[in-house]
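Below, each chain spelled out in residue letters.
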Amino acid sequence: MAGHSLDPQDWTALRAQGHRMLDDVFDHLQSLRDQPVWREPPPDLRARFREDLPQAPADLAAVHQQFRDEVLPYSSGNAHPGFMGWVQGGGTAVGMLAEMLAAGMNSNLGGRDHMPLEVEQQVLAWARRMFAFPETASGLFVTGASQANFVGVLVARRRALGAQVRTQGLGQGGARLTAYASAAVHGCVGRAMDMAGLGSDALRRVAVDRDQRIELAALRAAIAADRAAGLTPFLLVGTAGTVDVGAIDDLTALADLAAAEGLHFHVDGAFGALGVLAPSIAPRLAGLERADSIAFDWHKWGQTPYDAGFLLVRDAELHRATFAADAQYLRRAERGLAGGDWWPCDYGPDLSRGFRALKTWFTLKTFGAAAIGAAIEGTCALAQQLAAQVSAEPELELLAPVGLNIVCFRFRDDDADALNAEIVMRLHEAGRVAPSLTRIDGRTAIRAAIVNHRTEARDVAALVEATLETGRQCRHRRAA
Ligand SMILES: Cc1ncc(COP(=O)(O)O)c(C=O)c1O
């Protein structure tokens, strides 16, 4: 090293080691199917892994070896074709390569005048087009849909309370604001209300129908009751793809109601919104194009590696007015690096921002939107296959209708809650398939959310087989 620079003295050696590391990741991705979905990090490994802050340098090859032995085999498994837990995307090799290029550039996308911002704006332009938003709409990358929903709530709050909310806080008006979503809304929306200072109780969780869609009569009644009580309804959150079963609210009806009531209409489309890329799903998302803002993730159904959340906002001026602030050290110049007319720090809470746009841009350009849409349709077809296989097995029970890519079911038993929780833990430990758990109508359900483009019919069949086998084993052991 020269002086205090951290660049290598021997670029040739680094190049060789770097190529080995790249090959190693390709090997890993190519052989995903031969590995367990998940394995528990052994206690001695965890203990060994903890060490004092290193002071002396170590050889890159040795550190990489430690990564290969002690980190890589113990991932959370979402890249694996047998992973069906929660709602998580699998990523792609292309996205991984793009992430490497982004790290190589080490760009900060808070603002200024450089081409990486053009890449983010290009993805924004594609998002506008995908959701039939006006050319004037704004948007930006954030970590994930939790953050995008939070920013959406802040935009709606700014709309309801005006500029003074930014300098004087919520005041009397803020204490009266109420928001509405279905009882099936993701927990991050309540948390967004909490973080916005409005309180999670100010989010009214409205009853759902048998398909887990918000009940419109109950919604109208809740708004009317709040108005009668002197409160100020300001935000209606529709869900495009509920986390438990993948239900899509009647977005057209919600758009009509929001317009009639003067509410900001935000849609949490964390995974479901990208259904617009799939011809068979897009019609069910009608009304999404009328939203005031949409939160969604490229890292779920969009197959971009983590993390790549996004918020799209119809009214760019309102969006900017929610965050833009004057600071001497962020002054814009007429020319030079401090030029540029689009600084994302004006549209969200982050000033330092990574280049999430690049892996998304690479993913969309390399595969094309149609292939992403086909992967989305493929996951929905697999969910239908799984539902049919579950329905054909007398020992299994389907617990919710399958509208998209999520299947909730369970092994029948007198003590089904405990047994199904045990089954899922055993499936994780066995490492062939990894569903997660939820509760449907008060009953513990095995939940398979098929999001990963690598998942195939044999993985879904393996889930059914493994559930039956494990359920029988547990029952047998209990009887013995
Ligand atoms: C409907 C819904 N909303 C929000 C989220 C949160 O998204 P993220 O994990 O990207 O923050 C999820 C996550 O699964 C979700 O399914």
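A quick note: this is a predicted structure, and the numbers were derived from the prediction, not measured.

1. Some words on the pattern of salt bridges
Here comes step 1: Summed over the entire model, instances satisfying the criterion amount to 28 salt bridges.
Here comes step 2: A salt bridge links Glu395 to Arg475, with the shortest nitrogen-to-oxygen separation between them at 3.5 Å. Of the two residues, Glu395 sits in the loop between helix 14 (369–392) and strand 8 (396–398) while Arg475 sits in helix 16 (residues 457–479), which places them 80 residues apart along the sequence.
Here comes step 3: Since its relative accessible area comes to 29%, Arg475 is described here as partly exposed.
Here comes step 4: Shared partners join several salt bridges into a network, and the residues in it are Glu397, Arg410, Arg412, Asp417, Arg439 and Arg443.

2. Describing the packing of aromatic side chains
Here comes step 1: Enumeration over the complete set of coordinates arrives at nine aromatic pairs.
Here comes step 2: On the basis of an interplanar angle of 90 degrees and a centroid distance of 4.9 Å, the ring pair of Phe141 and Phe310 is categorised as edge-to-face. Taken together, the residues span a long stretch of sequence, with Phe141 in strand 1 (residues 138–142) and Phe310 in strand 7 (residues 309–313) at a distance of 169 residues.
Here comes step 3: Among the residues examined, Phe141 registers a relative accessible area of 1% and is labelled buried.
Here comes step 4: Through successive ring pairs, a cluster of aromatic residues spans Phe131, Phe141, Phe296, Trp298 and Phe310.
Here comes step 5: The aromatic ring of Phe133 is capped on one face by Arg314, whose charged end is 4.4 Å from the ring centroid.

3. Let's talk about the pairing of strand 5 (residues 264–268)
Here comes step 1: Extensive coverage of strand 5 is indicated by the burial of five of its five residues.
Here comes step 2: As judged from the five bridges shared by strand 4 (residues 232–239) and strand 5, these two strands associate in the parallel manner. The residue of strand 5 that forms the bridge with Leu236 is Phe265.
Here comes step 3: Each parallel crossover has a hand, and the one from strand 4 via helix 11 (residues 251–261) to strand 5 is right-handed.

4. Regarding the pairing of strand 3 (residues 203–206)
Here comes step 1: Inspection of the sheet shows strand 2 (residues 177–182) paired to strand 3 by four bridges, in the parallel sense. If you follow Ala181 over to strand 3, its bridge partner there is Arg205.
Here comes step 2: Following the backbone out of strand 2, through helix 9 (residues 187–195) and into the adjacent parallel strand 3, one traces a crossover that is right-handed.

5. Quick word on the environment of Asp268
Here comes step 1: Tracing the backbone through its elements, the reader meets Asp268 in strand 5.
Here comes step 2: Sequence-distant contacts of Asp268, defined by excluding residues within four places in its chain, comprise Ala145, Asn149, His186, Val189, Val237, Gly238, Thr239, Ala240 and Ala295.

6. Focus on the nonpolar core
Here comes step 1: Counting residues in each nonpolar core, the largest one holds 97 residues, and the members touching the most others are Phe131 and Trp298.
Here comes step 2: Those residues in contact with Phe131, other than ones at most four positions away along the chain, are Ala273, Leu274, Val276, Leu288, Glu289, Ile294, Phe296 and Leu312.
Here comes step 3: Core analysis: the next-biggest nonpolar cluster, separate from the first, contains 26 residues, Val402, Val407, Leu427 and Ala448 among them.

7. Some details on the sheet that holds strand 10 (residues 436–440)
Here comes step 1: Pairing is antiparallel across the open sheet formed by four strands, whose spatial order is 8-9-11-10. A strand with exactly one partner marks an edge of an open sheet, and here the two such strands are strand 8 and strand 10. The average undirected angle you get between the axes of adjacent strands in this sheet is 45 degrees.
Here comes step 2: When strand 9 (residues 406–411) meets strand 11 (residues 443–449), the two strands line up antiparallel, connected through four bridges.

8. Some details on the packing of helix 1 (residues 11–30) against helix 3 (residues 60–70)
Here comes step 1: Two numbers describe how helix 1 lies on helix 3: the axes approach to 10 Å, and their chain directions differ by 10 degrees. Between helix 1 and helix 3, the interaxial angle falls into the category roughly parallel. Mapping the contact onto sequence places Leu14, Gln17, Met21 and Asp24 in helix 1 and Leu60, Ala61, His64 and Arg68 in helix 3.

9. Topic: helix 15 (residues 416–430)
Here comes step 1: Look at helix 15: 20 Å from first C-alpha to last across 15 residues, which is about the 21 Å you get at 1.5 Å a residue.
Here comes step 2: Within the span of helix 15, buried status applies to Ala416, Leu419, Asn420, Ile423, Val424, Leu427 and His428.
Here comes step 3: Turning to helix 15, the residues buried within the fold contact strand 9, strand 10, strand 11 and helix 16.
Here comes step 4: Where helix 15 terminates, the next one or two residues include Gly431, which has phi positive at roughly 85 degrees.

10. Considering a nonpolar patch on the surface
Here comes step 1: A cluster of nonpolar side chains, namely Trp11, Leu14 and Leu60, defines an oily patch on the protein surface of about 270 Å² accessible area.
Here comes step 2: Take Leu14: it is sitting in helix 1.

11. Some remarks on the state of the cysteines
Here comes step 1: Under the defined criterion, the tally for this structure stands at zero disulfides.
Here comes step 2: With no disulfide of its own, Cys188 lies 18 Å from the sulfur of Cys408, the closest cysteine sulfur.
Here comes step 3: Overall, Cys188 belongs to the buried group, its relative accessible area being 4%.
Here comes step 4: Here Cys380 stays free of any disulfide, with the sulfur of Cys408 as its closest cysteine sulfur at 14 Å.
Here comes step 5: Its relative accessible area of 12% is what places Cys380 among the buried residues.

12. Quick notes on the site of the ligand
Here comes step 1: Neighbouring the ligand are 14 residues; Ala145, Ser146, Asp268, Asp297 and Lys300 lie closest to it.
Here comes step 2: Within the side chain of Ser146, one N or O atom sits 2.6 Å away from an oxygen atom of the ligand.
Here comes step 3: At 2.9 Å, a side-chain N or O of Lys300 approaches an oxygen atom of the ligand.
Here comes step 4: Coverage of the ligand by the protein amounts to 85% of the 390 Å² it exposes when considered alone.
Here comes step 5: Its residues placed into classes, the shell around the ligand shows six nonpolar, five polar and three charged.

Reading the values: rules and limits
- Residues numbered from 1 in each chain as written.
- Predicted model: local features only at pLDDT ≥ 70, side-chain atom pairs only at ≥ 80, totals over all residues.
- Heavy atoms only, no water.
- Salt bridge = Lys/Arg side-chain N within 4 Å of Asp/Glu carboxyl O.
- Helix = DSSP H or I, 4+ residues; strand = E, 2+ residues; numbered from the N terminus.
- Buried < 20%, exposed > 50% of the residue type's maximum accessible area, 1.4 Å probe, protein only.
- Phe/Tyr/Trp six-rings, centres within 6.5 Å; stacked < 30°, edge-to-face > 60°.
- Lys NZ or Arg CZ within 6 Å of the ring centre and 35° of its normal.
- Pairing = 2+ DSSP bridges.
- Right-handed = clockwise from strand over helix to strand, strands pointing away.
- Contact = heavy atoms within 4.5 Å.
- Core = buried A, V, L, I, M, F, W, Y, C linked by side-chain atoms within 4.5 Å.
- Axes fitted to C-alpha atoms, helices over the stretch in contact; angles between N-to-C directions.
- Parallel < 35°, antiparallel > 145°, perpendicular 65-115°, else oblique.
- Expected span 1.5 Å × (residues − 1).
- Patch = residues over 30% accessible without salt bridge, like charges linked within 9 Å, V, L, I, M, F, W, Y side chains within 5 Å.
- Areas by Shrake-Rupley, 256 points an atom, 1.4 Å probe, with all protein chains shown as cover.
- Disulfide = S-S within 2.5 Å.
- Near = heavy atom within 4 Å.
- Polar contact = N/O pair within 3.5 Å; in protein donor to acceptor, adjacent residues only side chain to side chain.
- Nonpolar A, V, L, I, M, F, W, Y, C, P; charged D, E, K, R; others polar.

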